2 protein chains.
Amino acid sequence: MKKLINDPSSVVADALVGVAAAHPDTLVVHRDPDFVRRADSPVPGKVALVSGGGSGHEPLHTGFVGPGMLDVSCPGAIFTSPSANQIYAAASSVATEAGVLFVVKNYTGDRLNFTMAAEWLAGGGIATELVIVDDDVAVENSTHTAGRRGTGATLFVEKIAGAAAELGKPLAEVADIARRVNANARSMGLALTSSTVPHVGSPNFEIGDDEIEMGVGIHGEPGRRRIPIASARELVAGLAEAVVSDLPFAAGDRVIALTNGLGGTPLIELYVVAGELASFCAARSIVISRTLVGSYITALEMAGCTITLLRLDDELLDLWDAPVSTPALRW
Amino acid sequence: MKKLINDPSSVVADALVGVAAAHPDTLVVHRDPDFVRRADSPVPGKVALVSGGGSGHEPLHTGFVGPGMLDVSCPGAIFTSPSANQIYAAASSVATEAGVLFVVKNYTGDRLNFTMAAEWLAGGGIATELVIVDDDVAVENSTHTAGRRGTGATLFVEKIAGAAAELGKPLAEVADIARRVNANARSMGLALTSSTVPHVGSPNFEIGDDEIEMGVGIHGEPGRRRIPIASARELVAGLAEAVVSDLPFAAGDRVIALTNGLGGTPLIELYVVAGELASFCAARSIVISRTLVGSYITALEMAGCTITLLRLDDELLDLWDAPVSTPALRW
């Protein structure tokens, strides 16, 4: 294992030192328990958005903290849910009288701990809602997951619900919007290589020099099948066909298309994938209204990508276009 | 070789399809010859900034095209200079009566072709200036290079000179500012892994499972020495010591610190590096005024990083903070 780290046990803590150094004016890094919040939080009268999960998926979620998106993120250990105490402390630090929305990727540990923290907060008189993200069409159940896994749609939920909260919409409406985003989003990914959790020290799975894992999870969970390497066009068609047929997306639908790198894939390859995805959609008269290309939801150094399509209505598109100012997403 | 591509010979062309699909309102992709320009160029009265170089370093340079930065980029084949004809066509498409500034990384092929294109443009009556970026302290001469290599400072030159041009400053002043940025910037990088040029099909160099190449170039050129893997703290100290002692940077200097990933290194590791760089600078009373962390100047899928420090004065800081709106840098 060869990584730019000091010690497998201190990776998350050491990265938080870097986060604090890089964003001194906009983010506040709290240690023990670990969370990263907007420097101007709590924002009076605004629904607070809280998310988090295992580390190793950066910039998700800490890179999405800021005006127009999350109020706070809780980074757990690598690929491990943050604790309920940690989530409760994070949420308490940003909670307002307008309430708190928790955005939770559908993994068993995250669901348990976020639900517990939300109940504690509600017990203290804070209004709460919890939205589960489960957009990955690859498998119905998976390692650590009952039901579908949460992946690329998390970015859409956090951006769009974050914009709704910033506009001052009430908690129930922000939660409804978040659930509408998840309901209209579908994703699937593929891996060219595995990745190594630092404190484990060996790859999450083995994969041959000429093999692709179709439908891989963002922790290296098995997908649908192992196939030989093929052209980007064929691989994207495999992902996109599964995504489009699932909702299903239909001719005339307007979408946002996210081509997401899993950490070890360079941007030039992601643009090749984005081009193929655009051609695939054009051939089916699915209209791509907005495109995002980059490594936003990663799996440590895994080479590979996920694609996500979000079916739009006018309100979702307006909220997507609304200003956002975070380390990883800004316009 | 396992990559998300269609064919080794079409990677740049296929990625440009993705660029066009992803940025339809802000960028115009021209084919044969290949260049990517601001949709609103030429901008009357503004000095036009032209850059480019071999592909495989994305988002450099195409990701830096937009208001406040470049007017046009010319992507060559992977790790290969664009041709003089291509650069001339690109520059002609954005040239204004205010003149054209060429930003050129110090590689022999780039220098030759950009110089020729600039001469042709000048022959047509357009005022031109050419600025060479040569910030890499690792080696004095290298493969394909007489003198030092150009690396992380390219981002600073393009952002800061781009802001000066956007303010309407005349060509000579924009060129002076660009040269002042290069003169005050120093970089060095390290590699954990090699990378593979698609049409070559085998790694640029071999490196052991426990080895680090200190001082690597962004095409995999040899650095200063091969060392055993060490902690991020020790590795960053090695890079930062070389960088700081070269200018030299002194106590009280204000800097922008760039921690740049080489393509295959995940963001969590880059934040560990950024934290160590911040501690290193703090211990020497070098004041980090701004920090940038991400994969901006890459070497295909190489795992590793470069660090760049830019010594600031008030004008350079103001120009850095000025608005920018490109795919990869936006504020």
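Residues numbered from 1 in each chain as written. Chains lettered and ligands numbered in written order. Predicted model: local features only at pLDDT ≥ 70, side-chain atom pairs only at ≥ 80, totals over all residues. Heavy atoms only, no water.

### Quick look at the sheet that holds strand S7 (residues 185–191) of chain B
Residues and elements named next belong to chain B. Strand order in this open sheet of six strands is S9-S8-S7-S12-S10-S11, and the pairing throughout is mixed. Of all strands in the sheet, those with a lone pairing partner are strand S9 (225–228) and strand S11 (287–294), marking the two edges. Taking each pair of neighbouring strands and ignoring which way they run, the sheet shows an average axis angle of 20°. Pairing between S7 and strand S12 (residues 304–311): seven bridges, direction antiparallel. Within the sheet, the bridge partner assigned to Ala191 lies in S12 and is Gly304. Each of strand S10 (254–261), S11 and S12 touches helix H7 (residues 267–283); the most contacted strand, S11, lies at about 165° to it. Lying over the sheet, helix H8 (residues 314–321) contacts S10, S11 and S12, oriented at roughly 35° with respect to S11. (Pairing = 2+ DSSP bridges. Helix = DSSP H or I, 4+ residues; strand = E, 2+ residues; numbered from the N terminus. Axes fitted to C-alpha atoms, helices over the stretch in contact; angles between N-to-C directions. Contact = heavy atoms within 4.5 Å.)

### Quick look at the pattern of salt bridges
Residues and elements named next belong to chain A. Under the criterion given, the structure shown has 40 salt bridges over all chains. For Arg226, the salt bridge identified is with Glu211, shortest N-O distance 3.0 Å. Taken together, the residues Arg226 in strand S9 (residues 225–228) and Glu211 in strand S8 (residues 211–214) connect sequence positions 15 residues apart. Exposure remark for Arg226: the relative accessible area of 35% places this residue in the partly exposed category. Assessed through its relative accessible area of 27%, Glu211 is described here as partly exposed. Among the charged side chains, a salt-bridge network with shared partners connects Glu140, Arg148, Arg186 and Asp246. (Salt bridge = Lys/Arg side-chain N within 4 Å of Asp/Glu carboxyl O. Buried < 20%, exposed > 50% of the residue type's maximum accessible area, 1.4 Å probe, protein only.)

### Some points on the packing of helix H4 (residues 153–166) of chain A against helix H8 (residues 314–321) of chain A
Residue and element names in this part refer to chain A. Remark: H4 packs on H8, axes separated minimally by 8 Å, with the N-to-C direction vectors making an angle of 90°. Here H4 lies roughly perpendicular to H8, going by the angle between them. For the pair formed by H4 and H8, the contact residues are Leu155, Phe156, Lys159, Ile160, Ala163 and Ala164 on the first element and Leu316, Leu319 and Trp320 on the second. Along the lines of polarity and charge, the residues of the contact of H4 with H8 split into eight nonpolar, no polar and one charged. (Parallel < 35°, antiparallel > 145°, perpendicular 65-115°, else oblique. Nonpolar A, V, L, I, M, F, W, Y, C, P; charged D, E, K, R; others polar.)

### Overview of the domain arrangement of chain A
How big an interface is tends to be stated in terms of accessible area lost as the parts join. Residues and elements named next belong to chain A. Segmenting chain A into domains produces domain 1 (12–184) and domain 2 (187–311). One C-alpha centre belongs to domain 1, the other to domain 2, and the line joining them spans 24 Å. Listed per partner, the contact involves 29 residues of domain 1 and 35 residues of domain 2. For the pair domain 1 and domain 2, the summed buried area comes to about 2,500 Å², and 63% of that belongs to carbon and sulfur atoms. Taken together, the connections running from domain 1 to domain 2 amount to one salt bridge. Measuring nitrogen to oxygen at the nearest pair gives 2.6 Å for the salt bridge that ties Arg148 to Asp246. (Domains from an automatic or database assignment. Buried area = accessible area lost by both parts, 1.4 Å probe.)

### Let's talk about the environment of A:Ser245
Residue and element names in this part refer to chain A. Mapped onto the elements of the fold, Ser245 is located in helix H6 (residues 232–246). Taking C-alpha positions, Ser245 is 9.7 Å from Arg186, a pair spaced 59 residues apart along the chain. Of the polar contacts made by the side chain of Ser245, one reaches the backbone oxygen of Glu241; its length is 2.8 Å. (Polar contact = N/O pair within 3.5 Å; in protein donor to acceptor, adjacent residues only side chain to side chain.)

### Regarding unusual backbone geometry
The amide bond that connects A:Leu60 to the next residue, A:His61, takes the cis arrangement and shows omega of -10°. Looking at the secondary structure, you find A:His61 in the loop between strand S3 (48–55) and strand S4 (72–78). Residue A:Pro248 is reached from A:Leu247 by a cis peptide bond, and omega for that bond is -10°. Note on placement: A:Pro248 falls in the loop between H6 and strand S10 (254–261). The phi torsion at B:Leu300 lies on the positive side, around 55°, for a residue other than glycine. Within the secondary structure layout, B:Leu300 lies in the loop between S11 and S12. Accessibility expressed as a relative area gives 2% for B:Leu300, which makes it buried.

### Description of the nonpolar core
Counting residues in hydrophobic clusters, the biggest one holds 100 residues, and the most contacted among them are A:Leu101, A:Leu155, B:Leu190 and B:Leu309. Beyond its immediate sequence surroundings of up to four residues, B:Leu309 is in contact with B:Asn184, B:Ala185, B:Arg186, B:Val243, B:Val244, B:Phe249, B:Val255, B:Ile256, B:Ala257, B:Leu277 and B:Cys281. Within the second largest apolar cluster, 99 residues are counted, among which are B:Leu27, B:Leu171, B:Leu262 and B:Ala299. (Core = buried A, V, L, I, M, F, W, Y, C linked by side-chain atoms within 4.5 Å.)

### A closer look at the relation of the copies chain A and chain B
If you rotate chain A by 180° and push it 0.0 Å along the axis, it lands on chain B with an RMSD of 0.0 Å. Classification of the inter-copy transformation places it as that of a two-fold axis. Residue A:Gly264 of chain A places its C-alpha closer to the rotation axis than any other residue of that unit, at 2.0 Å. A symmetric contact is evident, with 100% of the interface residues of chain A recurring at the interface of chain B. (Least-squares fit on C-alpha atoms with pLDDT ≥ 70 in both.)

### Observations concerning the interface of chain A and chain B
With 56 residues of chain A at the contact, the number on the chain B side is 56 residues. Taking both sides of the interface into account, the surface hidden between chain A and chain B amounts to around 4,200 Å²; carbon and sulfur atoms contribute 66%. In terms of surface lost to chain B, no three residues of chain A exceed A:Lys2, A:Leu4 and A:Ile268, which account for 22% of the buried area on that side. Summed over the shared surface of chain A and chain B, the result is zero salt bridges. Along the contact surface separating chain A from chain B lie 19 residue pairs in polar contact (both at pLDDT 80 or more). Secondary-structure elements contributing two or more residues to the side of chain A that touches chain B are helix H1 (11–22), S8, H6, helix H7 (267–283), strand S11 (287–294) and strand S12 (304–311) of chain A. In terms of residue count, H7(A) provides more of the side of chain A that touches chain B than any other element does, 10 residues in total. Residue composition of the side of chain A that touches chain B, by class: 31 nonpolar, 13 polar and 12 charged.

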